Amino acid sequence: MPKIVGVIGGGRMGAGIAQVFAVAGACVTIVERDPAAGAAALERVGTGVRRAAERGKLAGDAAQVLDRVGLAGEVADLPAADLIVEAVPEDAALKIRVLAAAEAVAGEHTVLATNTSSLSIAGLAEGLRRPAALIGMHFFNPVPASDLVEIVVGPQTADAVRDAAHSWALGLGKTAILVRDSPGFATSRLGVLLGLEAIRMLEEGVADAESIDRAMELGYRHPMGPLRSTDLVGLDVRLAIAEHLHRELGERFAPPQLLRDKVARGELGRKTGQGFHTWEVNR
């Protein structure tokens, strides 16, 4: 495992990534410019670690794990790290800026990872001096409970970087799959397509949201239906991915109007309490 890890972005995904690396023994620094967002990120990690301990799923001491998690206000304040993971919103321009800032403080052997779920690794690497150091490490929400990490290998990603990322994912207790850099990779391409069709079915009145989800959970043994999954990911995130795949792969990924309307109303899923289902808001 990497001894020192930087995680840029302390939202649900970033906090989850920080948690799993800290539990595995790494010293982790989360970067959040806004002090309130930083405090919220540390609280997310703390809550996750304490809940794991309560359920008997934490091998070590919760306080010792949390002692390994720190906060920085700027990327430039990161300590020398073995791995820096970018976990900011799914906006290509933002990710390119963040990765360039990370590269500026990275050492010669630092691996740069992006948690993008759909954006081109090659495209994100265009602004880097060392594109061979960049790889996709696509974690899934909630990170501590999810079994999968999708390792996305860009056309310039070094073999040693690929092997390190794969090894680290296994060290976290995850199953790692290797995929080639392609729009939507393997998981988002399939998951978004299913989710969009479920939204169209709801839009057309084929069935209600609960019935559509139960059909896939019971009929096809999906652990979570496509509409509930969309709520968990965030309707705004799913819309952004769908728009990207629509541009790259054509009309089959065109976002339904119902999805656009819900995002415009601020019905973003679990994080706002309302999406295709109603949720208890827990920030």
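See the structure shown above.
In what follows, the accompanying structure is described. Computed from a prediction, not measured in an experiment: that's the story for all the values here. (Residues numbered from 1 in each chain as written. Predicted model: local features only at pLDDT ≥ 70, side-chain atom pairs only at ≥ 80, totals over all residues. Heavy atoms only, no water.)

Generally speaking, soluble globular proteins have nonpolar side chains that are buried together. In terms of nonpolar packing, the biggest core is built from 39 residues, with Phe 21, Leu 83, Ile 135, Met 137 and Phe 139 touching the most fellow members. The element that contributes the greatest number of residues to this core is helix 1 (residues 12–23), accounting for seven residues. Discounting residues that sit within four places of it in the chain, Met 137 has contacts with Leu 83, Ala 113, Thr 114, Asn 115, Val 149, Glu 150, Ile 151 and Ala 165. Counting 21 residues, the second-largest nonpolar core is a separate cluster that includes Val 88, Ala 102, Leu 124 and Leu 128. (Core = buried A, V, L, I, M, F, W, Y, C linked by side-chain atoms within 4.5 Å. Buried < 20%, exposed > 50% of the residue type's maximum accessible area, 1.4 Å probe, protein only. Helix = DSSP H or I, 4+ residues; strand = E, 2+ residues; numbered from the N terminus. Contact = heavy atoms within 4.5 Å.)

A word on the sheet that holds strand 8 (residues 175–180). Ordered in space as 3-2-1-4-5-6-7-8, the eight strands form an open sheet in which the pairing is mixed. The outermost strands of the open sheet, each flanked by one partner alone, are strand 3 (69–72) and strand 8. When the angles between neighbouring strand axes are averaged without regard to direction, this sheet yields 25°. Note: strand 6 (residues 134–139) against strand 7 (residues 148–153), four bridges, orientation antiparallel. When the bridges of strand 7 are listed, Gly 136 appears paired with Val 152. Those strands touched by helix 2 (residues 35–54) are strand 2 (27–31) and strand 3, and its axis lies near 165° from that of strand 3. Those strands touched by helix 4 (residues 92–105) are strand 1 (4–8), strand 4 (83–86), strand 5 (111–114) and strand 6, and its axis lies near 165° from that of strand 5. (Pairing = 2+ DSSP bridges. Axes fitted to C-alpha atoms, helices over the stretch in contact; angles between N-to-C directions.)

Interpretation in functional terms is not warranted from these geometric data alone.
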